[in-house]
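Listed below are the residues making up each chain.
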Amino acid sequence: MEHLSTLSNNKLEKWLNEHNSQAYRRKQIFSWIFERWLQSPLEMQNIPKELREELNSSFASSTSKITDDHSTDDMTDKILIELADGESIENVIIRTEDRTTFCLSSQIGCAVQCHFCASGLDGLIRNLTAEEIIEHLLICCRKANSRPDNIVFMGIGEPLMNIENLIQALDIISSPERFAFSPRRITISTSGWVPGIIKLANIAKPYNLALSLHGTDDTIRAQLIPEKCRYPLSKILEACCEYRNKTRRMITFEYTLLKGVNDSYEQAQKLAQLARKQHAKVNLIPFNTVAETKFIRPDDHHILSFLKILTDNGIQATCRLKKGNNINAACGQLRRSQKNQKQKQEQK
Ligand code: SF4
């Protein structure tokens, strides 16, 4: 059964026509879904009751639900969403004084399996569908009781390994007739999946691309990202260059700081050189401990000194000691702890 949220204008208008309803109902239906974030057509008050019921029986409705919610003092909500097949994903709502950011997932699990990340520990389970991505965005709107100011695909999964569904969802999110959200306020993060970067570059829409660099050379990256999904840095940077040329957007280098691995001051200098050469911004992410990994977070003083080397070199660089921690590095931990609990209960 198709979902209303991803139905094309033509298809919905055809369906309305077949059900003796006028085309203007399409706008009303989309307004309920994308502006008021309703889950069920039965709640669409300005639609005749009979039509609401027909919509409800003809199209699939949202089945994802929030099963856990961790709010923190720094205005971050990490929510665990259970899907129709019993799998779950995490999304995060981050509020600052002046903006709200939604961090969305793109896959259940992750095939890349970076050694420092909880999301990839069990590998990839499946891709999220475009409908699920939209559904989770609308769940976040309901939870936050607002639209986001920014959307980042930095949750569970490598978004560019699910590029077909991601593009379908992005088209709906940025469509003026649907969620009407500016592509310039959407960021897609990648571990360096070259075919995906090139495909996204060819679409030439001004989405922001964030490269999870984590190391300034292939030797350091080899300690963090398994070989099966790791491209040589030179190829990744070439693809990023193509992305920049086609979209005119500045790339961001995401750099998770790991003590004794990539946090030396020499590495900071190399990162500054690379960022300057690539016209990239840098976002430093202090690592948040993942029990199953051996990595350690550097102390805050060291992180700030690393940051200072970048800024002293004229690089546009940021580091959120608290919130960055919650958004990026800890991704996948809530899902993992719920999965472990379920397994323990099943073994009893
Ligand atoms: S850091 Fe990103 S790409 Fe790497 S395993 Fe985690 S979710 Fe996948």
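Residues numbered from 1 in each chain as written. Predicted model: local features only at pLDDT ≥ 70, side-chain atom pairs only at ≥ 80, totals over all residues. Heavy atoms only, no water.

Novice: It is not clear to me how the overall build of the protein chain should be interpreted in this structure. Could you clarify?
Specialist: Counting secondary structure elements, the protein chain contains 12 helices and 12 strands. Taken over C-alpha atoms, the radius of gyration comes to 21 Å for the protein chain, in line with the 20 Å a tight globule of 348 residues would show. Taken along its principal axes, the extent of the C-alpha atoms in the protein chain is 70 × 55 × 40 Å. Out of the 348 residues in the protein chain, the part that is buried amounts to 56%. Restricting the contact set of the protein chain to residue pairs at least 6 apart, pairs at least 24 apart contribute 67%. For the protein chain, the computed accessible surface area is about 15,600 Å², with 47% contributed by carbon and sulfur atoms. (Helix = DSSP H or I, 4+ residues; strand = E, 2+ residues; numbered from the N terminus. Rg over C-alpha atoms; globule rule 2.2 N^0.38 Å. Buried < 20%, exposed > 50% of the residue type's maximum accessible area, 1.4 Å probe, protein only. Contact = heavy atoms within 4.5 Å. Areas by Shrake-Rupley, 256 points an atom, 1.4 Å probe, with all protein chains shown as cover.)

Novice: Explanation requested: the state of the cysteines in the structure shown.
Specialist: Throughout this description, disulfide means a covalent bond between two cysteine sulfur atoms. What the rule picks out here adds up to 0 disulfides. No disulfide involves C240; its nearest neighbouring cysteine sulfur is the one of C241, lying 8.6 Å away. (Disulfide = S-S within 2.5 Å.)

Novice: Would you mind going over the domain arrangement of the protein chain with me for this structure?
Specialist: Size of an interface: often given as the accessible area lost when the parts come together. When cut into domains, the protein chain gives domain 1 (4–58) and domain 2 (65–347). For domain 1 versus domain 2, the separation of C-alpha centres amounts to 34 Å. Contact residues are listed per partner, giving 12 residues for domain 1 and 14 residues for domain 2. Summed over both partners, the interface of domain 1 with domain 2 comes to about 1,200 Å²; 55% of that surface belongs to carbon and sulfur atoms. Interface area lost by domain 1 to domain 2 is led by T6, F34 and W37, which between them contribute 62%. On the surface where domain 1 and domain 2 come into contact, there are 1 salt bridge. (Domains from an automatic or database assignment. Buried area = accessible area lost by both parts, 1.4 Å probe. Salt bridge = Lys/Arg side-chain N within 4 Å of Asp/Glu carboxyl O.)

Novice: Explain the sheet that holds strand β3 (residues 88–95) to me, please; I cannot follow it from the model alone.
Specialist: Within a sheet, neighbouring strands are paired by backbone hydrogen bonds and run either parallel or antiparallel to one another. Spatially, 10 strands are ordered β1-β2-β3-β4-β7-β8-β9-β10-β11-β12 in an open sheet, and the strand pairing comes out mixed. The open sheet has two edge strands, β1 (65–71) and β12 (317–319), and neither has a second partner. The mean angle between the axes of side-by-side strands here comes to 20°, regardless of whether they run parallel or antiparallel. In this sheet, strand β10 (residues 252–257) lies alongside strand β9 (residues 208–212) in parallel orientation, the contact comprising 3 bridges. Bridge pairing in β10 places A210 opposite T252. (Pairing = 2+ DSSP bridges. Axes fitted to C-alpha atoms, helices over the stretch in contact; angles between N-to-C directions.)

Novice: How should I be thinking about the packing of helix α4 (residues 130–144) against helix α5 (residues 163–174) in this particular structure?
Specialist: The N-to-C vectors of α4 and α5 enclose an angle of 45°; their axes lie 8 Å apart at closest approach. If you check the angle between α4 and α5, you find them oblique. When you trace α4 past α5, the crossing you get is right-handed. In contact with A130, I133, I134 and L137 of α4, α5 contributes N165, L166, Q168, A169, I172 and I173. (Parallel < 35°, antiparallel > 145°, perpendicular 65-115°, else oblique. Left-handed = near helix turned anticlockwise from the far one by under 90°.)

Novice: I keep staring at the site of the ligand and nothing clicks. Help me out?
Specialist: Lining the immediate environment of the ligand, one finds C110, V112, Q113, C114, C117, S119, G157 and S191. When the residues that make up the shell around the ligand are grouped by side-chain class, the tally is 4 nonpolar, 4 polar and no charged. (Near = heavy atom within 4 Å. Nonpolar A, V, L, I, M, F, W, Y, C, P; charged D, E, K, R; others polar.)

Novice: Is there a simple way to think about helix α1 (residues 9–18) in this case?
Specialist: Because an α-helix packs 3.6 residues into every turn, residues spaced three or four apart end up facing the same way. Listed in full, the buried residues belonging to α1 are N9, L12, W15 and L16. Axial view of α1: buried residues confined to an arc of 135°, hence all on one face. Summarising the geometry of α1, the exposed residues directed more than 90 degrees from the buried face are N10, K14, N17 and E18. Backbone geometry just after α1 places N20 at a positive phi near 55°. (Arc of directions from axis to C-beta.)

Novice: Please clarify how the pairing of β10 should be interpreted in this entry.
Specialist: Regular strands place side chains that alternate from one sheet face to the opposite one. The buried count for β10 comes to 6 of 6 residues, which makes it a mostly enclosed element. Side-chain alternation along β10 places T252, E254 and T256 on one buried face and F253, Y255 and L257 on a second face that is also buried. Taken together, the 6 bridges between β10 and strand β11 (residues 281–286) define a ladder with parallel strand orientation. Across the sheet, the residue bridging to E254 is N283, located in β11.

Novice: Which parts of the structure should I look at to understand the environment of I125?
Specialist: Inspection of the secondary structure puts I125 in strand β6 (residues 124–127). Among the residues examined, I125 registers a relative accessible area of 36% and is labelled partly exposed. Put simply, I125 and K65 are 60 residues apart on the chain and 19 Å apart in space, counted from C-alpha to C-alpha.

Novice: What am I meant to see in unusual backbone geometry here?
Specialist: Negative phi is the rule for most residues except glycine; trans is the rule for most peptide bonds. One non-glycine residue with positive phi stands out, namely Q113, at about 55°. Tracing the backbone shows Q113 in the loop between β5 (107–109) and β6. Of the residues examined, Q113 reaches a relative accessible area of 25% and is grouped as partly exposed.

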